[in-house]
Structures are given as structure tokens and as C-alpha cells.
Amino acid sequence: MAERQDLEPQSTSLTDPALLEKFDKLFACNVGDYVSLPQVIAVGDQSSGKSSVLEGLTGLPFPRDSTLCTRFATQIVFRRATGQASRRSRASIKPAPHSTPECVAKLKAWSKSEMITLDPKAFSSMIREVHNVMGVRGLEDQSKPAFSQHVFRLEISGPDEDHLAVVDVPGTFKSVTPGVTTKNDIEMVRTMVQDYMKNPRSIILAVVPANVDAATQEVIERAREVDPEGQRTLGVLTKPDLVDRGAEQQVLDLISGRTMPLRHGWVLVRNLGKSELAIGDKARQEAEEELRTRGGWGAIPRDRYGIQSLRERLQETVTENARREFPMVRLDINKKLREAKAALHALGNERAHRSQQIDFLLDIVSKFQEIMGNALRANYGADGIFDKHKRLRLATIVVDRNEQFKSDMMQLGHVYRFRNEAETTSQPLSTSPNDSRGTEIQATTRKVETRLDVHDNLIESEPLSAPVADDIYKWLETEYRSSRGFEVGTFNTSLLPTVMRRQSKKWKGISLGYISDVIAVVNTFIVSVLTDLCGDPRISRGLLSIMTDGLHRAYSKAVKHTIFLLENERSDNLMSLHQSFTDTLQSRPETKMQKLITDKTFHAGSMGKVAKVDDIKAILPLLSSQEYMVRQVHDILQSYYHVAQSRFIDNVCMQSTNHYLLNGLNSPMKLLSPTFVYRLSDQELEDIAGEDPAIHRQRLRLCKEIEDLETARRILL
């Protein structure tokens, strides 16, 4: 059983053990999952002798049972551990990308550690166990897949081990074996092998039988695709004992570099066949020496022949490759680390627990309140959001709407045009001289389009007509005659409230249209700011769904207060302590007199303008008692109307808008507050601010990646 003794590890002198140890540590901290690391990829067609070559290189008894041949990638990592007394092994399975969580958990749960020896029987038994865990086809179950994309990882450490990483991938094949492999298996293996070979820092250990034309081997074709100049390919020729006599020269031409030259050259090895292993009376070294005595094999240089020469050349190649790639690996690790940190930062703070979710929402609340304060103060230069979204310039929009509200109230708020207005207006609102009632102008009660779901609190837009151009005296006379009682020298006290209600009939539509517009503006502001701040629509929608009832209550209060002010101004009890009301009433007779006698006045020297008493008597109208009362009612109504109108405009703007919608303690702008956040239940917090499972998994992956890359960066210092 000399072959088995030959399987013991044979140490070679490393030209740069410190550097290779760094790469070994990089593999140990999983940085190879993020950055391409220098490693050896053993590739070859099926039955090329690849497993025997690896057995000679690694000292591992690779199973030769056809049911246990390479069905998945096997990553073998050798690590020098000077503190260990003997060789030890640890086996695990690395799940393939895109594996299900259940599959990942199952594969990661399997491992073998602290294995001191790996004899052929124990190694074969472990491989069968790996087949079963991976779900690869075995003798017991032929229905399972023939190959797996999972990776079997075997870490071997000991005081005499050289730092080396070798990946053994399944052998490529072109023909389907019924009941064993399929066309999909062929493509799967080719893709797997190609992905490993594409690593620009890998050394391709291309194993080819010497008794076939190397140029026709698929593994060589694949190697040329990824390494067309042969800079990182090391060729291995096997089975020289099967080369026909006289055909040795073709093999010698390859080894000498006359055909298919490779930078790292070709090495010829003599593996033991099945019959030789079965007899067990010959060692690999003995078989290699025996071959050199036959035919022309003796002409092969010593450094190009035998497993020991291959091991030394491979070690030199690995060291050279490691030195060349070390600076780029360090750059890649730093770049990947920056990218991972940026990706993690983009996810925001973790929100797995209640306290984290509260902190997350409080940050949004703080930013919202800051933007709200700037919007109400018209401090638009404090935040770029006001340039990004002009609709968030809240103070400006509300002020503009206030002015529109005032204009509508002043120009269109009364049903009948007052007499002095009709006399002094140069361009009557009525566009048709034959239409005594005038025509509707292009005005409506609503000025802001409502796109949000707040319709329950808003009124529909209504057209606004111009004040009626009919003689207001006729209307007032009708009202006076229908309300007369037994008054002497005066009129019924109910007359003024009655005509005031009639004259201010359009106040309701104008004021409710105005407050509906302000509600729409405020709601648009709240929704837009939250959408911008939250980023994730799920968070903004979650907040708004819980805020909806509170917002609607606040909007409803503003509408109800507007109705209260409206009803108060149009009630049966008219009241004003404003001095302008008294001043206007007192000055109106004098103003009328001045207007009547203007044409009769003349200059009387130092006396100024004067008029004759007879002229004054002649132009004074002779009014009946009824006409006099109607004009008195008109003057009082007009004076009171303008006072009440100004008061109503101010009250609606100050109270309904400013207090109930903007700056009041219970306004909708103040609803989103720290108190609001702290009152949320655990379930509400989870629904609003809890991380999506996909984001949580991404965060865990990025944290793991950053941890591994940070470890890698420290290794390379």
C-alpha cells in the first residue's frame, strides 16, 4: 500500500509565506464572496485523471467510485497552523447564490470539524453524506439532480501545510448518459466551470490526457476563451502510459512549448490506474520512474515531469500570481467596502425594534416640523424642497388665496348693487343693457383643484354671479311693505336682519369655497412633505392612514367654525361697535346734499363756494314717508353690510384659516408630533416603520459583508 503512504503531505519551501498566509486569511473570512481572490481552479473533461492529480497534490484520497465522482465544486483550502501538532480538517457546505432560506439553513447546519485523519473510507463516507445533504443523486435515489451548484469546502490546517486554495470543479462532458445525465446537466456544468475560470486572478490547472489531441479538448477551448494568451494557465498531461509508441513526440512538443505554448508551461504526470491501485504494490513515484525508462519519455526535463515537479511549479505560480494581484485585491476590497457602506447608509437606520422605529419616525417628525415652520414663515431659502416643489410655499399660496377671498367678497358677495355703487360705477357688471339682472361673470367659489381624498370636508365649486343691477330701492320697498307694523316714524326691527340675510346670501358659497381651498392646500402640503421625507411609499401611506381621522377632524372644525362665523354675521341680532359704522351713517346725509347742490354752487369771493337757499329747496326731492324709510333702510344696510363684511373676512382668515388650519395648537399642521409617535401601538409602529423582510435581509447581508471586508482590510495592512 505504498500509494497511501505517498498521500502524506509533502512540504515545499514557499518563496513568500507571509503573503500567501494573508490570502489564506482572506479566504477564511469569506472575502472571496465579494472580491476575486487568487486560487487554483482544477478543470478537465470527465475521466481526464483530474481527481488523481489533485490526490497527488493534496494528499487527499479522492474517491474513484463512479457514483462519487465530482458532482459539485470542491474548494480545498490548505492553511499552515504552526500551533497545531498534527493535520486537522474541517468540512462545510457553502450554499449557492439564490438558494432558499430553508436550503441555506439546512446546508449551513451541516459541518464536520476537528477531523484528524481522512482515510479513503472516511473521505468516501463524508462525500456520500454531502451528496445527501445537497440533494445530489446517489444509488438510493436516482430521481435527484446529478449536479449541484453548492460548494463543498474542506479546510485543512497543520504545521507542515502550504498556503494554497484549490477548487475542483466537475469534469465537462459532451454526451448524455441515459438515466444519469441530461442536456441540462451538460450546460449546467459548462456554466459552472466557465464562471470559475473567468476569475481573472485564478490559475487554471488544465488537466488533459496525453493520449488524445489536447487541442480538441473542451477544457482547452474554454481556457483559451478566458485566457487567450495562456498567461494564467498551467497545463497538466496525464495517462502517458496510454500513449501509442511512436506518438510520444507530440507530447514532447507540448512540454517543450513548440505547440500550444503556455506561460507556465506543461507538466507530465503518471497517475496510477485502477488495476494498479487494486493490487496496491506500486507507488506513484515508482510508476513515474519506470515510465522514464520507456520510449522517449526519458528526454523530458525533470522540472516538467512528475507530481513533485507539478507541486513545485504550481507553488511558484501561485506565489507569483499572489504577488502580482495583491495590490489590486487591496484596491478591490477598499472599493467594495465603500460601496457596501454606501448601500447600508442608503437603507437608513435599522428599524427592527420599537425604540428604533420610534427614533426613525421622530426624525421624520423633526424634519417635517422644520419644513412646516419655514413654510409658514415664508423662509423658502432654508430648504431646497421649496424650489423642488413650488406647491409647498404654503404662506404665499394662502396669502394669495386670502386676497382672492377678499376680492370675491367685496365685488361679488352682495346680491343687489347698492344705489351709490350703481350711480358711481362707470362700467356696470351687466354686459347687456336689456338684461336688468346682469350676467354671470367667469368666477367660481373654488380656485384650487382637489386631487386628494379629503372630499368629505370640502364643498363642490359653484359659479358666482355679479350683483343684480335692478334698483335696490324697489327690492327694499317690497321688503319694507311686507314687514310693516304699527311703527310710527320708523320701521320694523326685523327688517334689517331680513334684508341683511338676503343681501349676504352668497357669503356662504364664497367662504366655504375659500376654506375648502385652504384645506386642500394644507392637505397637499402635508402629503407632499411626508412623501418626500419618507422616501418609501409604504411609510408615508402608513403615517397618513393613521393621521386621516385626525386630519379630517381638524378640517371639519375649520369648516364648522366658518359656518359658525357665517351664521353669527347673518343672525337676527345685528351688532357693531365699530366707529366707522356710526361715522358712515352720520356723514351720508351730508354727502348726499353735497352731491345734489354741486351744480348750483358758485364762488362768492372770500366766502368760498355758496348756493342759494331757493336753489337748494328746488332740488331737494320731495319724498313720501315710505320712500324716506326705504332710503333710510338702504343707508343703514349699506353701512352695516360693509362693516360686517370686513369683520367676516378678517374672522374667517384669522380664525378658520390661521388658527384652525395653520398655527393653532390643534391644527392639522401640528398633528404629526412626538406625542403622535409615542401613542402608536407596537403593531402600528411595525406596520409603518418596520423594515420589509427583503430590506432586513439586505441589511444583514450588507452588515456581514462590511464585517468581512473590514476584517480583510485589517489583514492587508
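Every value quoted in this text rests on a predicted model; they were computed, and no experiment measured them.

S.K.: Could you give me a rundown of the overall build of the chain, with the residues and numbers involved?
M.R.: Tallying secondary structure elements over the chain gives 25 helices and 11 strands in all. Restricting the contact set of the chain to residue pairs at least 6 apart, pairs at least 24 apart contribute 78%.

S.K.: I'd love a proper account of the pairing of strand E1 (residues 39-44), names of residues and values included.
M.R.: Taking burial as the measure, the six residues of E1 include six buried ones, the bulk of the element. Sheet analysis places E1 next to strand E7 (residues 202-209), joined by six bridges and oriented parallel. Each residue of the ladder has a partner; that of Val40, found in E7, is Ile203. As paired strands, E1 and strand E6 (residues 164-168) are joined by three bridges and run parallel to one another. Pairing of Ala42 across the sheet is with Asp168, part of E6.

S.K.: An account of empty space enclosed by the protein is requested, with residue identities and associated values reported.
M.R.: Tallied over the entire structure, the rule returns three cavities of 30 Å³ or more. Looking at the lining of the second largest cavity, the elements that each hand over two or more residues are helix H2 (17-28), E1, strand E2 (73-80), E6 and helix H11 (307-346). For the lining of the second largest cavity, the leading source of residues is H2, giving four residues. Across the lining of the second largest cavity, the residue classes tally to 11 nonpolar, two polar and one charged.

S.K.: Let's hear about the packing of helix H14 (residues 394-412) against helix H22 (residues 625-663): which residues, and what values?
M.R.: The geometry of a pair of packed helices is captured by two quantities: the angle between their axes and the separation between those axes. Their axes nearest at 11 Å, the elements H14 and H22 cross at an angle of 155 degrees. Judged by the inter-axis angle, H14 sits roughly antiparallel to H22. Handedness of the crossing formed by H14 with H22: right-handed. Within the contact between the two elements, H14 uses Leu394, Val398, Asn402, Phe405, Lys406, Met409 and Met410 and H22 uses Tyr641, Gln645, Phe648, Ile649, Val652, Cys653, Thr657 and Leu662.

S.K.: So, the packing of aromatic side chains: which residues are in play, and what are the values?
M.R.: Applying the stated criterion across every chain yields a total of 10 aromatic pairs. Ring centres of Phe405 and Tyr514 lie 4.3 Å apart, and the angle between their planes is 15 degrees; on these two criteria the pair is classed as stacked. Linking Phe405 in helix H14 with Tyr514 in helix H18 (residues 507-534), this pair joins segments that are 109 residues apart in sequence. Every member of this aromatic cluster is reached through a ring pair, and the members are Phe418, Trp507, Tyr641 and Phe648. A cation over a ring is seen here: Arg71 above Phe147, with NZ or CZ 5.2 Å from the ring centre. Here the guanidinium or amino end of Arg351 rests over the ring plane of Phe360, the centre of that ring lying 4.2 Å away.

S.K.: I'd love a proper account of the nonpolar core, names of residues and values included.
M.R.: It is characteristic of soluble globular proteins that their nonpolar side chains tend to be buried jointly. Formed by 83 residues in total, the largest nonpolar core has its most connected members in Leu361, Phe405, Phe525, Ile526, Leu530 and Leu543. Here this core takes 15 residues from H18, the largest share from any one element. Setting aside its immediate chain neighbours within four residues, Leu361 contacts Leu543, Val677, Leu680, Leu685, Ile688 and Ala689. Residues Leu26, Leu60, Ile715 and Leu716 belong to the second largest nonpolar core, which totals 62 residues.

S.K.: Quick one: what's the story with H14, residue by residue and with numbers?
M.R.: With 19 residues, H14 should reach 27 Å at 1.5 Å per residue; the first-to-last C-alpha distance of 26 Å fits that figure. All of the buried residues along H14 are Leu394, Ala395, Val398, Arg401, Asn402, Phe405, Asp408, Met409 and Leu412. Projection of H14 onto a plane perpendicular to its axis shows the buried side chains occupying an angular sector of 165 degrees, all on one side. For H14, the exposed residues lying more than 90 degrees away from the buried face are Glu403 and Gln411.

S.K.: Which residues make up the layout of surface pockets, and what are the values?
M.R.: In this structure, the largest pocket encloses a volume near 1,900 Å³. Around the largest pocket, the lining comprises 46 residues; the ones closest to its centre are Asp33, Lys94, Pro95, Ala96 and Pro97. Every element with two or more residues in the lining of the largest pocket is listed here: H2, E2, strand E3 (88-94), helix H4 (101-109), strand E5 (151-158), helix H6 (183-197) and helix H25 (693-715). Among the elements that make up the lining of the largest pocket, the one with the highest residue count is H25 (six residues).

S.K.: I'd like a rundown of the environment of Tyr678, residues and numbers included.
M.R.: Among the structural elements, Tyr678 can be located in helix H23 (residues 674-678). The spatial distance from the C-alpha of Tyr678 to the C-alpha of Leu362 is 9.0 Å, given a sequence separation of 316 residues. Those residues in contact with Tyr678 that sit more than four places away from it in its chain are Arg354, Ile358 and Leu362.

S.K.: Describe the packing of H11 against H25, listing the residues and the values that go with them.
M.R.: Here H11 crosses H25 at 150 degrees, and the two axes come no closer than 9 Å. As far as their axial angle goes, H25 and H11 are roughly antiparallel. The hand of the H11/H25 crossing is left-handed. For the pair H11 and H25, the contacting residues are Ile333, Asn334, Lys336, Leu337, Ala340, Lys341, Ala343 and Leu344 in the first and Arg699, Leu702, Cys703, Glu705, Ile706, Leu709, Glu710, Ala712 and Arg713 in the second.

Each value, and the rule that gives it
- Residues numbered from 1 in each chain as written.
- Predicted model: local features only at pLDDT ≥ 70, side-chain atom pairs only at ≥ 80, totals over all residues.
- Heavy atoms only, no water.
- Helix = DSSP H or I, 4+ residues; strand = E, 2+ residues; numbered from the N terminus.
- Contact = heavy atoms within 4.5 Å.
- Buried < 20%, exposed > 50% of the residue type's maximum accessible area, 1.4 Å probe, protein only.
- Pairing = 2+ DSSP bridges.
- 1 Å grid on protein atoms, 1.4 Å probe; cavity = no way out; pocket = protein on both sides within 12 Å on 5 of 7 lines; lining within 4 Å.
- Points joined across faces, edges and corners; volume = space filled by probe spheres on them.
- Nonpolar A, V, L, I, M, F, W, Y, C, P; charged D, E, K, R; others polar.
- Axes fitted to C-alpha atoms, helices over the stretch in contact; angles between N-to-C directions.
- Parallel < 35°, antiparallel > 145°, perpendicular 65-115°, else oblique.
- Left-handed = near helix turned anticlockwise from the far one by under 90°.
- Phe/Tyr/Trp six-rings, centres within 6.5 Å; stacked < 30°, edge-to-face > 60°.
- Lys NZ or Arg CZ within 6 Å of the ring centre and 35° of its normal.
- Core = buried A, V, L, I, M, F, W, Y, C linked by side-chain atoms within 4.5 Å.
- Expected span 1.5 Å × (residues − 1).
- Arc of directions from axis to C-beta.

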